[in-house]
Amino acid sequence: MAKEIRLQIDDETYAELVRQAAADGGQAEPDRYAQQLLTADLARPRFTAAAKAFADEHGRAFADEFGAGSAGHAA
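All residue numbers here refer to positions counted from 1 along the written sequence of the relevant chain. Totals for whole chains, interfaces and linings use every residue, but because this is a predicted model, local features are given only for residues with pLDDT of at least 70 and side-chain atom pairs only at 80 or more, for both listing and counting. Just so you know, side-chain values use all the structure's heavy atoms and leave hydrogens and water out.

**Describing the packing of aromatic side chains**
The condition is simple: Pairing of aromatic rings covers Phe, Tyr and the six-membered ring of Trp, with a centre-to-centre limit of 6.5 Å; geometry is then stacked below 30 degrees between planes, edge-to-face above 60, and tilted otherwise. Secondary structure elements are taken from DSSP: a helix is a run of H or I of four residues or more, a strand is a run of E of two residues or more, and numbering for both begins at the N terminus. The buried label goes to any residue with under 20% of its type's maximum accessible area, the exposed label to any with over 50%, and the partly exposed label to all in between, with areas taken from a 1.4 Å probe on protein chains only.
For the structure on display, the rule yields 1 aromatic pair. Arranged with centres 4.8 Å apart and planes meeting at 45 degrees, the rings of Phe62 and Phe66 form a pair that is tilted. One end of the pair, Phe62, and the other, Phe66, are both in helix α2 (residues 30-66), 4 residues apart, so they sit about a helical turn from each other. The pair formed by Phe62 and Phe66 is uniform in burial state, with each residue classed as exposed.

The structure is reproduced here in C-alpha cells:
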C-alpha cells in the first residue's frame, strides 16, 4: 500500500524542482517528479550492490569469454 510523506521545502528548492521537472520532459508535476527522484535515489544502493555481486560472481567468466575490453570504455 502506498504511503504519503509530507515535506516542506523552501521556495528556491521548489523552483529548482519545477525547473528540473520541466527539463526532464515536463511530463510530471513537481510532487510526482520529487517522488520519482526519491524512489530512484533509494533504489540506487540496492541496484549497485546487486550489480557488484553479479560482477564479482560472473565477471571472470565474462572476461574469459568476451575479453576484458579496455579501461577507457568502462561505464
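More follows now that the structure is in view.
**Regarding a nonpolar patch on the surface**
For clarity, the cut-off: Patch criteria: residues need more than 30% relative accessible area and no salt bridge. Like-charged residues are merged within 9 Å; nonpolar side chains of Val, Leu, Ile, Met, Phe, Trp and Tyr are merged within 5 Å. Accessible surface area values rest on a Shrake-Rupley calculation with a 1.4 Å probe, where residue burial reflects the displayed protein chains alone. Between Lys or Arg on one side and Asp or Glu on the other, a salt bridge is scored when a side-chain nitrogen of the former is within 4 Å of a carboxyl oxygen of the latter.
On the surface, a nonpolar cluster with roughly 720 Å² of combined accessible area is contributed by Ile5, Leu7, Ile9, Tyr14, Val18, Leu38 and Leu42. By the secondary structure assignment, Ile5 is in the segment before α1 (11-23).

**Things to note about the pattern of salt bridges**
Taken as a whole and assessed by the stated rule, the structure comprises 5 salt bridges. Residue Arg6 is joined to Glu4 by a salt bridge in which the shortest nitrogen-to-oxygen separation is 3.2 Å. A salt bridge links Asp56 to Lys52; its shortest N-O distance comes to 2.7 Å. Of the two residues, Asp56 and Lys52 are both situated in helix α2; the distance of 4 residues between them amounts to about one turn of the helix. Judged by its relative accessible area of 52%, Lys52 is exposed.

**Here we look at α2**
Because an α-helix completes one turn every 3.6 residues, residues spaced three or four positions apart along the sequence face the same direction. The test is simple: To estimate how far a helix should reach, multiply one less than its number of residues by 1.5 Å. Bend at a residue means the angle formed by two fitted axes: the first through the 7 residues ending at that position, the second through the 7 residues beginning there. Between two residues, a contact is recorded if the distance between any of their heavy atoms is within 4.5 Å.
For α2, which comprises 37 residues, the first-to-last C-alpha distance of 44 Å sits more than 12% below the rise-based estimate of 54 Å (1.5 Å per residue). The principal kink in α2, of about 60 degrees, is found at His58. Listed as buried for α2 are Pro30, Tyr33 and Ala63. Turning to α2, the residues buried within the fold contact α1. Directly beyond the C-terminal end of α2, a positive phi value near 90 degrees is found at Gly67.

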